[in-house]
Amino acid sequence: MGNLPSAAKHCLSYQQLLREHLWSGESVAGALDPAQEVSQLSGLPEYVKIVEVGPRDGLQNEKVIVPTDIKIEFINQLSQTGLSVIEVTSFVSSRWVPQMADHTEVMRGIHQYPGVRYPVLIPNLQGFHHAVAAGATEIAVFGAASESFIKKNINCSIEESMGRFEEVISSARHMDIPVRGYVSCALGCPYEGSITPQKVTEVSKRLYGMGCYEISLGDTIGVGTPGSMKMMLESVMKEIPPGALAVHCHDTYGQALANILTALQMGVNVVDSAVSGLGGCPYAKGASGNVATEDLIYMLNGMGLNTGVNLYKVMEAGDFICKAVNKTTNSKVAQAAFKARLE
Amino acid sequence: MGNLPSAAKHCLSYQQLLREHLWSGESVAGALDPAQEVSQLSGLPEYVKIVEVGPRDGLQNEKVIVPTDIKIEFINQLSQTGLSVIEVTSFVSSRWVPQVAAGATEIAVFGAASESFIKKNINCSIEESMGRFEEVISSARHMDIPVRGYVSCALGCPYEGSITPQKVTEVSKRLYGMGCYEISLGDTIGVGTPGSMKMMLESVMKEIPPGALAVHCHDTYGQALANILTALQMGVNVVDSAVSGLGGCPYAKGASGNVATEDLIYMLNGMGLNTGVNLYKVMEAGDFICKAVNKTTNSKVAQAAFKARLE
């Protein structure tokens, strides 16, 4: 806007501010004082729990197979950022997801920091037993609100998948292992297109009824908008309390943060994200996938919402894993901050 | 999430849906029926005016100098998308207004809520800039040429850091008082968030009616659509954007700048808000200009849609 100033080298004082603010976790420029924010942004939760899915959902969708020791180092770095939940791996067959073939080694190899939880994905009872043997203390099951999607993914119907989940969940509960339930295609399906809020509610309610402590509603292909997010949540919240819900938004159409904001305004206070926005979209080659944890934290900080997470440390972990998968970050905050530092 | 399906080639039916929906301007999956949306999303405007700044703000920040005939073709393509405002002009001095009047029907002046920014940009203070704007605006008004006022650094300054909402209000109020019909509040470096956007607008709206306000959000930190959503929820119904998200950020080399018009339209469509703009035609214009400046698009909608079509 207006005339261009000569290069960014005059901006040193601002970069200094930026570095200071990013390290401390506050956003620059008009950041809300936490004491103010409750009255300013009524209806928003005070604390937002971020569920970091980079090591699983992120890496799973990356072409480069990451060596086990790198994965372990990545997770160990994430454990020191303040994140309280880090999804480690998936106990699926390596035929389906080669990236997760080292699930047992990773689970055994990570340092489990106090105060941090390390859930793993489980497709069936066999996977569950392997996970427990490897030291898992929390698991997640993968449902979907679309028959076509479930059929293509695990070759059964939604009804049949519920039978499998029932087995896993009751075994887990018997061992006091908490179970999270994912519902994919909550705002649209790559095969069917529109998904009704009622279908999402039906599937979510069943998983919740079986004993999942939290239901993560996933916009698997990122087609959702604040309009569809609101409609879907209004339906689901008739059956499940907001405190038991999470949103897992993909940024394939650039809508993720707006959709997350909408969910927060409706009382949801758990948000999934992936460091560096790792993981493309398998349904639109070259398009982006997960929303970047850095960009999410930046928004939450700017709204005065507590996350307990240090943005700068997350960016360091992001830098580490991007070099390991030989990719540039998908996080705009990381792009802007690192570029500013180089000036 | 879950297991990966084997490639995207099974998704043909979905891609078909996507193409159909994008052409018609509706979003896939749970798009709101326009009739429903007013009751569903209370407090939102029914119609949102998009001000396309790609040919000016976008190209200005691109390294490759675009030949004049390409610029003209680009703007001509945009004119056929349904967009009602396409910014092609730049800052003019009062001496130029009579000459501009021959072809121009509208002009804009550039203020800022930061002394440092104004100093570095046009080498004067905010007070002095106001004197210059006064000249331009009264000349323009004398010739019945509407004037839009921009207020840069509304949510932060690359030199000063924080900018108080009060300062933004003060500058905006003066421009509005001089006769600008609309004040576009710019998050010049994209540092704003829904928190700072809300605080700033609450302050400005004490002095200027929402109908005379626009937001110009940069996406340097990925916050643009969330900030725009916040502004819409507060009654603002004019939004600036640039096709393909053209134009990087001069303050953070390599970082992105303008929010992409395609991504904005996608969100507004999904919320059932009318824009009058055909998303697919905008994407075609975006594809045209990206080839011309030899860049890949910054629009995620364009990236996803074009990739899906190739499968």
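Just so it is clear, the structure is predicted and the values come from calculations on it, not from any experiment. (Residues numbered from 1 in each chain as written. Chains lettered and ligands numbered in written order. Predicted model: local features only at pLDDT ≥ 70, side-chain atom pairs only at ≥ 80, totals over all residues. Heavy atoms only, no water.)

Trainee: I'd like a description of the overall build of chain B, backed by residues and values.
Mentor: Regarding its fold elements, chain B presents 13 helices and 7 strands. Considering chain B as a whole, with its 311 residues, one finds that 59% of them fall into the buried category. Intrachain contacts of chain B at a sequence separation of at least 6 include 76% that bridge at least 24 residues. With an accessible surface of roughly 11,300 Å², chain B has 53% of that area assigned to carbon and sulfur atoms. (Helix = DSSP H or I, 4+ residues; strand = E, 2+ residues; numbered from the N terminus. Buried < 20%, exposed > 50% of the residue type's maximum accessible area, 1.4 Å probe, protein only. Contact = heavy atoms within 4.5 Å. Areas by Shrake-Rupley, 256 points an atom, 1.4 Å probe, with all protein chains shown as cover.)

Trainee: How would you summarise the overall build of chain A if you had to cite specific residues and measurements?
Mentor: The helix and strand tally for chain A stands at 14 helices and 8 strands. For chain A, with 343 residues in total, the buried portion stands at 63%. For chain A, long-range pairs separated by at least 24 residues make up 76% of all intrachain contacts whose partners lie at least 6 apart in sequence.

Trainee: How would you summarise the pattern of salt bridges if you had to cite specific residues and measurements?
Mentor: For the structure shown, the criterion picks out 25 salt bridges over all chains. For Glu127 of chain B, the salt bridge goes to Arg174 of chain B, with nearest N and O atoms at 2.8 Å. Here Glu127 of chain B is found in helix α7 (residues 126-142), whereas its partner Arg174 of chain B is found in helix α8 (residues 165-178), with 47 residues between them in sequence. Look at Glu127 of chain B and you get partly exposed, because its relative accessible area is 49%. In this structure, Glu170 of chain B engages Lys167 of chain B in a salt bridge whose closest nitrogen and oxygen atoms are separated by 3.2 Å. Taken together, the positions of Glu170 of chain B and Lys167 of chain B, both in helix α8 and 3 residues apart, correspond to about one turn of that helix. Its relative accessible area of 43% is what places Glu170 of chain B among the partly exposed residues. Ionic contacts of the salt-bridge type, sharing partners, join the residues Lys49, Arg180, Glu214 and Asp272 of chain A into one network. (Salt bridge = Lys/Arg side-chain N within 4 Å of Asp/Glu carboxyl O.)

Trainee: Explain the packing of helix α11 (residues 256-265) of chain A against helix α10 (residues 224-233) of chain B to me, using residue names and the numbers behind them.
Mentor: Taken N-terminus to C-terminus, the directions of α11 of chain A and α10 of chain B make an angle of 50°; their axes are 7 Å apart at the nearest point. Comparing the axis directions of α11 of chain A and α10 of chain B gives the class oblique. The element α11 of chain A and its partner α10 of chain B pack so that their crossing is right-handed. For the pair α11 of chain A and α10 of chain B, the contacting residues are Leu257, Ala258, Leu261, Thr262 and Gln265 of chain A in the first and Leu225, Ala226, Leu229, Thr230 and Gln233 of chain B in the second. Partitioning the contact of α11 of chain A with α10 of chain B into residue classes produces 6 nonpolar, 4 polar and no charged. (Axes fitted to C-alpha atoms, helices over the stretch in contact; angles between N-to-C directions. Parallel < 35°, antiparallel > 145°, perpendicular 65-115°, else oblique. Left-handed = near helix turned anticlockwise from the far one by under 90°. Nonpolar A, V, L, I, M, F, W, Y, C, P; charged D, E, K, R; others polar.)

Trainee: Break down the sheet that holds strand β4 (residues 147-152) of chain B for me, with residues and values.
Mentor: Residue and element names in this part refer to chain B. With parallel pairing, 7 strands are arranged side by side in an open sheet as β2-β1-β7-β6-β5-β4-β3. Edge positions in the sheet fall to β2 (85-86) and β3 (107-112), since each has one partner strand and no second. Relative to strand β5 (residues 182-187), β4 is paired through 4 bridges, and the arrangement is parallel. Pairing of Tyr150 across the sheet is with Ser184, part of β5. Across the sheet, helix α9 (residues 194-204) touches β5 and β6 (213-217), and the angle it forms with β6 is around 155°. (Pairing = 2+ DSSP bridges.)

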